[in-house]
Amino acid sequence: MSPKFNKGRLYNTAVQYVERQNLNITCIILHDVDLLPENDGNFYTCERTHIKHTTSRVLPLNTTRGYIRYYEFLIGGVLLLSPDMYRTLNGFSNLYWGWGGEDDDLALRLIEKRMCVVRPSYEMAIYVGMY
């Protein structure tokens, strides 16, 4: 049995810490540790008015199935947003332990707040999944 962790709580704690440092951070990049970008044109820059999700397709390591596009609703993987957007969403839920759930919970709050998500082109937003 693998140890449980809480990704939402980790992200929330990190964002709170950075904000307390008064560093004038304008872009928060939330990046799953097990994803490696494949296209250098997939720029890690925040959009001014929308949240940006850069993980459209993932090629799982040690597979012959090719790239996987999980589902349209997905915002997990790599997400870029301003601190104000993060506050508007009230960050991630602290209730999800282990793998999964926290990203979908955040996506539902995005919909509730009527916040838009932009994505790079399908060909550009590709990653290798180290899982």
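Since the model is a prediction, treat every value here as computed from it, not as a measurement.

### Here's the deal with the nonpolar core
- With 15 residues, the main nonpolar core has Leu30, Ile51, Leu79, Leu81 and Tyr86 as its most contacted residues.
- Of all the elements in the fold, those that place two or more residues in this core are helix H1 (7–20), strand S1 (28–31), strand S5 (78–81), helix H2 (83–88) and helix H3 (102–112).
- The element contributing the most residues to this core is H3, with three residues.
- Ignoring anything within four residues of it in the chain, the contact list for Ile51 reads Leu79, Leu80, Leu81, Met85, Leu89, Leu110, Met115, Cys116, Val117 and Val118.
- Core analysis: the next-biggest nonpolar cluster, separate from the first, contains five residues, Leu35, Val58, Val78 and Leu80 among them.

### Comments concerning the pattern of salt bridges
- For the structure on display, the rule yields eight salt bridges.
- When the shortest N-O distance is used, the salt bridge between Glu47 and Lys52 registers 3.8 Å.
- Relative accessible area serves as the criterion here: at 34%, Glu47 is assigned to the partly exposed category.
- A network of salt bridges, in which partner residues are shared, links Lys7, Asp32, Glu102 and Asp103.

### Let's talk about a nonpolar patch on the surface
- A cluster of nonpolar side chains, Tyr70, Tyr71, Phe73, Leu108, Ile111 and Tyr131, forms an exposed patch at the surface whose accessible area comes to about 600 Å².
- Mapped onto the fold, Ile111 is located in helix H3.

### As for the state of the cysteines
- Taken as a whole and judged by the stated rule, the model has one disulfide.
- There is a disulfide in this structure between Cys27 and Cys46, and the S-S distance comes to 2.0 Å. Around the S-S axis, the bridge from Cys27 to Cys46 shows a dihedral of about 80 degrees and counts as right-handed. Of this pair, Cys27 sits in the loop between H1 and S1 while Cys46 sits in the loop between strand S2 (35–37) and strand S3 (51–53), and the two are 19 residues apart along the sequence.
- The structure places no disulfide on Cys116, whose sulfur is separated from the nearest cysteine sulfur, that of Cys46, by 15 Å.

### Thoughts on the sheet that holds S5
- Spatial strand order, S1-S5-S3-S6: four strands in an open sheet with mixed pairing. The outermost strands of the open sheet, each flanked by one partner alone, are S1 and strand S6 (117–118).
- Of the strand pairs in this sheet, S1 and S5 are connected by four bridges, and their pairing is antiparallel. Its bridge partner lying in S5, Ile29 is registered against Leu80.

What counts, and at which threshold
All residue numbers here refer to positions counted from 1 along the written sequence of the relevant chain. Only residues with pLDDT of at least 70 are given local features in this predicted model, and only at 80 or more are side-chain atom pairs given and counted; all residues enter the totals for whole chains, interfaces and linings. Hydrogens and water molecules were not included; the side-chain quantities draw on all heavy atoms of the structure. The set of buried Ala, Val, Leu, Ile, Met, Phe, Trp, Tyr and Cys residues whose side-chain atoms join them within 4.5 Å is what this entry labels a nonpolar core. Residue exposure (1.4 Å probe, protein chains only): buried if accessible area is under 20% of the type maximum, exposed if over 50%, otherwise partly exposed. Helix and strand definitions follow DSSP, with helices as H or I runs of at least four residues and strands as E runs of at least two, each counted in order from the N terminus. Any pair of residues with heavy atoms lying within 4.5 Å of one another is described as a contacting pair. Whenever a carboxyl oxygen of Asp or Glu lies within 4 Å of a side-chain nitrogen of Lys or Arg, that contact is scored as a salt bridge. In this analysis, a patch consists of residues with relative accessible area above 30% that form no salt bridge, clustered at 9 Å for like charges and at 5 Å for the nonpolar side chains Val, Leu, Ile, Met, Phe, Trp and Tyr. What sets the accessible areas is the Shrake-Rupley method with a 1.4 Å probe; for residues, cover comes only from the shown protein chains. We call a pair of cysteine sulfur atoms a disulfide when they lie within 2.5 Å. A pair of strands is treated as paired once DSSP finds two or more bridges between them.

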